Amino acid sequence: MVDVFEQVEEELRSERIKRFARVWLPIGAGVGAVALIGALGWWGYQSWQTGEAEKASTAYQRGIEAAAAGNFDQANTAFGEAADTGSRGYKAMALMQQAAIAVEQNKIQDAVRLFDEAAKAGKDPVIADAAALKAAYLLVDTAPLDDLKARLEPLTGDKRPYSVLAQEALATVLLMNDKGADAREIFVQLQLGQNVPETVRQRANVGVQLIDSGTSGAVKKIVAEAIKLPTTVPGAPAAAAPVQAAPAETAPAAPAQPAQAQ
């Protein structure tokens, strides 16, 4: 009897194993296939990204060299090739270089469009906000107040890399549009801020004093001239010429005369 029970138990165990195998082995094989496909897909995507970055780097460097030699048409073409690759970082920087060339050629609307495109393409806020701020700088004297506020106010947040410069630009815009009280409030904040560059603090002091004196015409003129001076945000990369070879980001220059993007 013991042998019979053992044989029956063995047959039942064998049947359970077979049933388990029929149910789960296809699922396991499917999961393995999906994992393999996913791994191959990720490897392919990484390889593609690497290739795109290499192409962008080569084209970007050609643009730098052409611009340094004064061949701006060739530089624009090379930067365009870099911008057309799948590398978002190089795309943003290449667009900013094209915008800088447009500024040199006094094609301001083209420059604004290119800076706007760079701001959208830039994943890093240091690059994206720099492009957005430079676009706003180019429009300070011509765009309506509401448009400039829409551009500048998002850049003034505490965690934005160029918050101080954006606040100064916004105060300047308000002042130029006869919003002295609102401009004064921002200038006072810049006077008291802990991480405000001394040059910005000094300009804010002058702005407040002149607003308080009631000489609004002089305020507009003096602040408009003072704001042209380049200012570097503490901790931000140093400003660079428009054709520097290294892909480091530059701090935006002051509104009425923006520094060249790299």
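Here is a short report on the structure shown in this document.

### Points about the overall build of the protein chain
Phase 1: Helix and strand content of the protein chain: 10 helices and 0 strands.
Phase 2: Along the protein chain, from the amino end to the carboxyl end, the secondary structure elements read α-α-α-α-α-α-α-α-α-α.
Phase 3: For the protein chain, the proportion of its 262 residues judged to be buried stands at 40%.
Phase 4: Summed over all atoms, the accessible surface of the protein chain reaches about 14300 Å², with 57% contributed by carbon and sulfur.

### Thoughts on the pattern of salt bridges
Phase 1: What the rule picks out here adds up to 7 salt bridges.
Phase 2: R151 is paired through a salt bridge with D116; the nearest N and O atoms lie 2.8 Å apart. Of this pair, R151 sits in helix α6 (residues 145-152) while D116 sits in helix α4 (residues 108-121), placing them 35 residues apart in sequence.
Phase 3: Take R151: its relative accessible area is 24%, and that puts it in the partly exposed class.
Phase 4: The residue R160 makes a salt bridge to D129 at a minimum N-O spacing of 2.8 Å. Of the two residues, R160 sits in the loop between α6 and α7 (163-176) while D129 sits in helix α5 (residues 125-139), which places them 31 residues apart along the sequence.
Phase 5: Among the residues examined, D129 registers a relative accessible area of 5% and is labelled buried.

### Re the packing of aromatic side chains
Phase 1: Using the criterion set out here, one finds 2 aromatic pairs in the structure.
Phase 2: Taken together, Y60, F79 and Y90 form an aromatic cluster joined through their ring pairs.

### Describing helix α2 (residues 72-83)
Phase 1: Taking 1.5 Å of rise per residue, 12 residues should cover 16 Å, and α2 covers 16 Å from first to last C-alpha, within 8% of that figure.
Phase 2: When α2 is considered as a whole, its buried residues turn out to be A75, A78, F79, G80, A82 and A83.

### Thoughts on the packing of α4 against α5
Phase 1: As a packed pair, α4 and α5 sit with axes 7 Å apart at the nearest point and diverge in direction by 155 degrees. On the basis of their axis angle, the class for α4 and α5 is roughly antiparallel. As for how α4 packs across α5, the hand of that crossing is left-handed. The residues of α5 that touch α4, namely those facing I108, Q109, A111, V112, F115, D116, A118 and A119, are A128, A131, A132, K134, A135, L138 and L139.
Phase 2: Among the residues forming the contact of α4 with α5, the class breakdown is 12 nonpolar, 1 polar and 2 charged.

### Let's talk about helix α8 (residues 180-192)
Phase 1: Between the first and last C-alpha of α8 there are 18 Å, a value that for 13 residues agrees with the 18 Å anticipated at 1.5 Å per step.
Phase 2: Among the residues making up α8, those that are buried are A183, I186, F187 and L190. Along the axis of α8, the buried residues cluster in a sector spanning 100 degrees; they form a single face. More than 90 degrees from the buried face of α8, the exposed residues found are A181 and L192.

### Topic: unusual backbone geometry
Phase 1: We note that N106 has phi near 60 degrees; this positive angle belongs to a residue other than glycine.
Phase 2: Along the chain, N106 falls in the loop between α3 (88-104) and α4.

### As for the environment of Y90
Phase 1: Considering the arrangement of structural elements, one finds Y90 in helix α3.
Phase 2: With 31 residues separating them along the chain, Y90 and A121 place their C-alpha atoms 9.2 Å apart.
Phase 3: In this structure Y90 touches A53, A56, S57 and Y60, once residues within four positions along its chain are discounted.

### A closer look at the environment of G63
Phase 1: Looking at the secondary structure, you find G63 in helix α1 (residues 2-68).
Phase 2: Considered as a pair, G63 and Q97 are 34 residues apart in the sequence and their alpha carbons are 8.6 Å apart.
Phase 3: Sequence-distant contacts of G63, defined by excluding residues within four places in its chain, comprise A75, A78 and F79.

### Topic: the packing of α8 against helix α9 (residues 198-213)
Phase 1: One way to put it is that α8 packs onto α9 with a least axis distance of 8 Å and a crossing angle of 145 degrees. Note on packing geometry: the crossing formed by α8 with α9 is left-handed. Seen from α8, the contacting residues are G180, A183, R184, F187, V188, L190, Q191 and L192; seen from α9, they are V200, R201, A204, N205, G207, V208, I211 and D212.
Phase 2: For the contact of α8 with α9, the per-class residue count stands at 9 nonpolar, 4 polar and 3 charged.

### Re the environment of G122
Phase 1: Structurally, the position occupied by G122 is in the loop between α4 and α5.
Phase 2: What makes G122 buried here is its relative accessible area of 11%.
Phase 3: C-alpha of G122 to C-alpha of L95: the two residues are 27 residues apart in sequence and 9.9 Å apart in space.
Phase 4: Once residues lying within four places of it in the same chain are set aside, the contact partners of G122 are R88, A92 and A128.

Calculation rules
- Within each chain, residues carry numbers counting from 1 in the order of the written sequence.
- Owing to the predicted nature of the model, reporting of local features is limited to residues with pLDDT of at least 70; listing and counting of side-chain atom pairs is limited to 80 or more, with chain, interface and lining totals taken over all residues.
- To obtain the side-chain values, all non-hydrogen atoms of the structure were used and water was disregarded.
- A run of H or I in DSSP becomes a helix once it reaches four residues, and a run of E becomes a strand once it reaches two; helices and strands are each numbered from the N terminus.
- The buried label goes to any residue with under 20% of its type's maximum accessible area, the exposed label to any with over 50%, and the partly exposed label to all in between, with areas taken from a 1.4 Å probe on protein chains only.
- Note that accessible areas follow from Shrake-Rupley with a 1.4 Å probe, and for residues the cover is restricted to the protein chains shown.
- The salt bridge definition used is simple: a Lys or Arg side-chain nitrogen within 4 Å of an Asp or Glu carboxyl oxygen.
- Two aromatic rings from Phe, Tyr or Trp, using only the six-membered ring of Trp, form a pair when their centres are within 6.5 Å; if the ring planes differ by under 30 degrees the pair is stacked, by over 60 it is edge-to-face, and anything between is tilted.
- Here the expected length of a helix is defined as 1.5 Å per residue gap, with one fewer gap than residues.
- Every axis in this analysis is a line fitted to C-alpha atoms, fitted for helices over the stretch in contact. Angles between the N-to-C directions lie between 0 and 180 degrees.
- Relative orientations are named as follows: roughly parallel for angles under 35 degrees, roughly antiparallel for angles over 145 degrees, roughly perpendicular for angles from 65 to 115 degrees, and oblique for any other angle.
- A clockwise turn of the near helix away from the far one marks a right-handed crossing, whereas an anticlockwise turn of less than a right angle marks a left-handed crossing.
- In this analysis, two residues are considered to be in contact whenever any of their non-hydrogen atoms come within 4.5 Å of each other.
- Basically, the charged four are Asp, Glu, Lys and Arg, the nonpolar ten are Ala, Val, Leu, Ile, Met, Phe, Trp, Tyr, Cys and Pro, and anything else, Gly included, counts as polar.
- Relevant arc is that of directions from the helix axis to the C-beta atoms, nothing else.

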